[in-house]
Number of protein chains: 2
Amino acid sequence: MRAFLLFVLTLFMGTSALAADRPQDWRDVDPQNLVLMDVRYGTIAIELSPQFAPLQVARFKALVRSGFYDNANFYRVIEGFVAQGGRGGASFPQWPVIKGEFDRPYGSDVPFTPHGSPDLYAPEVGEVNGFPVGRSPKEKRMWILHCPGTLAFARDKGADTAATEFYIVLGEAARQLDRNYTTFGRVIDGMQYVQKLNRGDPDVQNGVIPLVSRRDPIIRVRMASDVLAMQRPRYQVLRTESAAFAAARDARRTPDSPYLVHKPVSALDICTMPIPVRHPAS
Amino acid sequence: MRAFLLFVLTLFMGTSALAADRPQDWRDVDPQNLVLMDVRYGTIAIELSPQFAPLQVARFKALVRSGFYDNANFYRVIEGFVAQGGRGGASFPQWPVIKGEFDRPYGSDVPFTPHGSPDLYAPEVGEVNGFPVGRSPKEKRMWILHCPGTLAFARDKGADTAATEFYIVLGEAARQLDRNYTTFGRVIDGMQYVQKLNRGDPDVQNGVIPLVSRRDPIIRVRMASDVLAMQRPRYQVLRTESAAFAAARDARRTPDSPYLVHKPVSALDICTMPIPVRHPAS
């Protein structure tokens, strides 16, 4: 028996490999900001960030609670870019367009932990309350980055035209959308189910899947706070301002493993730094 | 009817949107270097690069032709990182370890087209014959990057210990493996099927999927050259040294769309630049 399985073990340590985290390093995800989206592959859990986009979060919650997304589908899915869902193509007078919230000012409610590696697109990057964030010290503005797993509202032409349609980022090509679409949440569990969604062809109708039967249905979406307490999943996110997170990030930036034969450059794309999430028994 | 579907159209132009490409800008993929891997979701087409890793390419082809991978599986699959496949855990005396080919010297057979944006991990990046490549002008060495879709050999501890197990890159976290594992091919079609592969839990057995029935089988792998000509799929890749490719890359680096309300930074992560592939009728 050979150990073919064990290549570069330390690159993907998960929460079980965290060194010296303390109970107070973890925060409970507020069920009021936790979305549970059922697709046929499993349940996608998304944490919303009212700190970055209160209007969009309020709208998304209202849509969820109204049942708007139940039996809708992912109709435009482009590999390496985004999976767009909702009821595209139609207009709903009861859900008028809302103001875009593409970035926000600095504030004491959003403590920024510098990531410590450069970034191709933003002047500065770091983590804020469990979200990957960019900021501009010159403008004193900050925004949630379009990393894989980020939730955002789609829109029409014009900044303030989002209404009901959303997307989840699949790959880093979406970074070019930063500050152009309102990012307001992040998949904290079930990203593997998002990746299973049927893709469209980017050369045909901009990636829209023409055959409705080929689109993955959104079976049901609920706010965790509306789920009976005994059935409600519980999540905790490692505080990104904790020493435990800093240690995990630095270990990842400078990998050390007996499997390495060439020393990697000490750098880390912020979108590839997992923000640890755990799922304690309820 | 509203045009909710059409957000940032130009970011994902595909081959149909290429401006001014000429027939000679496309090269046929050599069936001798084209792998067809059937999984239950569809067929993954992979182009091999003997220019970067002749030993690994020869080994991989020999394994394919021997039927080694037929009815094997993807046993270690980590979201955002890699999907590792083969017959992990066992040793096969008939397939002894081979020498690693982590990088190669500069050469006239590998014309380098500078990408034109900085990179977090490599001193220089660019495209070579349809592959995303890093290079070190100081060392005069170059290597295929661990971008999503890249094919590489796994190995044991020690540089020269690859034998049979391979992986396909799922996300950019794998960039930290550059120059540590031999990269020798690239998925040119069917990446959406790779993304559908069942994931393991990185916290449990390093992402190995314990239950064999939960692992996605590798149904069959063939070299396209071994497929009857009339059944053989034909692929063409846009020459990355062509003006048509440069124009597509530059348009993507500096997006221009009526959907943009904030001018994106003119930068482009090389792993997010699609290298256009087309599939003309055979």
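Residues numbered from 1 in each chain as written. Chains lettered and ligands numbered in written order. Predicted model: local features only at pLDDT ≥ 70, side-chain atom pairs only at ≥ 80, totals over all residues. Heavy atoms only, no water.

With respect to the overall build of chain A
Next up, step 1: Each helix and strand counted, chain A has three helices and 17 strands in total.
Next up, step 2: Scaling as 2.2 N^0.38, a compact globule of 282 residues should have a C-alpha radius of gyration of about 19 Å, and chain A matches this with 19 Å.
Next up, step 3: The C-alpha extent of chain A, read off along each of the three principal axes, is 60 × 55 × 45 Å.
Next up, step 4: Out of the 282 residues in chain A, the part that is buried amounts to 60%.
Next up, step 5: Taking as baseline every contact in chain A between residues at least 6 positions apart, the subset at least 24 positions apart corresponds to 72%.
Next up, step 6: Total accessible area on chain A is roughly 10,600 Å²; 55% of this is exposed by carbon and sulfur atoms. (Helix = DSSP H or I, 4+ residues; strand = E, 2+ residues; numbered from the N terminus. Rg over C-alpha atoms; globule rule 2.2 N^0.38 Å. Buried < 20%, exposed > 50% of the residue type's maximum accessible area, 1.4 Å probe, protein only. Contact = heavy atoms within 4.5 Å. Areas by Shrake-Rupley, 256 points an atom, 1.4 Å probe, with all protein chains shown as cover.)

Some remarks on the pattern of salt bridges
Working definition: two side chains of opposite charge can pair if their charged atoms are close together.
Residues and elements named next belong to chain A.
Next up, step 1: Evaluated as defined, the whole model comprises 34 salt bridges over all chains.
Next up, step 2: Among the ionic pairs, Glu 47 bridges to Arg 27, the shortest N-O distance being 2.9 Å. Placement of Glu 47 in strand S3 (residues 42–48) and of Arg 27 in strand S1 (residues 26–28) is noted, with a sequence separation of 20 residues between them. An identical accessibility class is assigned to Glu 47 and Arg 27; each is buried.
Next up, step 3: Taken together, the shared-partner salt bridges connect Asp 103, Glu 139, Arg 141 and Arg 179 into one network. (Salt bridge = Lys/Arg side-chain N within 4 Å of Asp/Glu carboxyl O.)

Here's the deal with the relation of the copies chain B and chain A
Next up, step 1: The two copies are related by a screw operation: chain B maps onto chain A through 180 degrees of rotation and 0.0 Å of translation along the axis, at an RMSD of 0.0 Å. The transformation relating the two chain copies, once decomposed into turn and shift, fits a two-fold axis. Residue B:Lys196, judged by its C-alpha, is the member of chain B lying nearest the rotation axis, at 2.1 Å.
Next up, step 2: Counting the interface residues of chain B, we find that 100% of their copies in chain A are interface residues as well, pointing to one common contact surface. (Least-squares fit on C-alpha atoms with pLDDT ≥ 70 in both.)

As for the sheet that holds strand S8 (residues 124–128) of chain B
Adjacent strands of a sheet form backbone hydrogen bonds with each other and so pair up, either parallel or antiparallel.
Residue and element names in this part refer to chain B.
Next up, step 1: Pairing in this open sheet of five strands is antiparallel, and the strands run S6-S10-S9-S8-S7 from one edge to the other. Only two strands of the sheet have a single partner each, and these edge strands are strand S6 (104–105) and strand S7 (112–114).
Next up, step 2: Where strand S9 (residues 131–136) and strand S10 (residues 141–144) come together, four bridges link them in antiparallel fashion. Residue pairing in the sheet places Val 133 in a bridge with Ile 144 of S10. (Pairing = 2+ DSSP bridges.)

Remarks on helix H3 (residues 243–253) of chain A
Next up, step 1: Of the positions making up H3(A), those classed as buried are A:Ala244, A:Phe245, A:Ala248, A:Arg249, A:Arg252 and A:Arg253.
Next up, step 2: For H3(A), the elements touching its buried residues are strand S7 (112–114), strand S8 (124–128) and strand S16 (236–238) of chain A.

Remarks on the pairing of S8(A)
Residues and elements named next belong to chain A.
Next up, step 1: Of all five residues making up S8, four are buried, and the element is well covered by its neighbours.
Next up, step 2: In the sheet, S8 pairs with strand S9 (residues 131–136) via five bridges, with the strands oriented antiparallel. The residue of S9 that forms the bridge with Gly 126 is Val 133.
Next up, step 3: What sits between S8 and S9 in their antiparallel hairpin is a turn of two residues, with Asn 129 showing a positive phi close to 50 degrees.

Observations regarding empty space enclosed by the protein
Next up, step 1: Following the criterion strictly, the structure yields three cavities of 30 Å³ or more and no others.
Next up, step 2: By volume, the largest cavity is sized at about 120 Å³.
Next up, step 3: In this structure, the largest cavity is lined by A:Asp119, A:Leu120, A:Tyr121, A:Glu172, A:Arg175, A:Asp269, B:Asp119, B:Leu120, B:Tyr121, B:Glu172, B:Arg175 and B:Asp269.
Next up, step 4: In terms of residue class, the lining of the largest cavity is built from four nonpolar, no polar and eight charged. (1 Å grid on protein atoms, 1.4 Å probe; cavity = no way out; pocket = protein on both sides within 12 Å on 5 of 7 lines; lining within 4 Å. Points joined across faces, edges and corners; volume = space filled by probe spheres on them. Nonpolar A, V, L, I, M, F, W, Y, C, P; charged D, E, K, R; others polar.)

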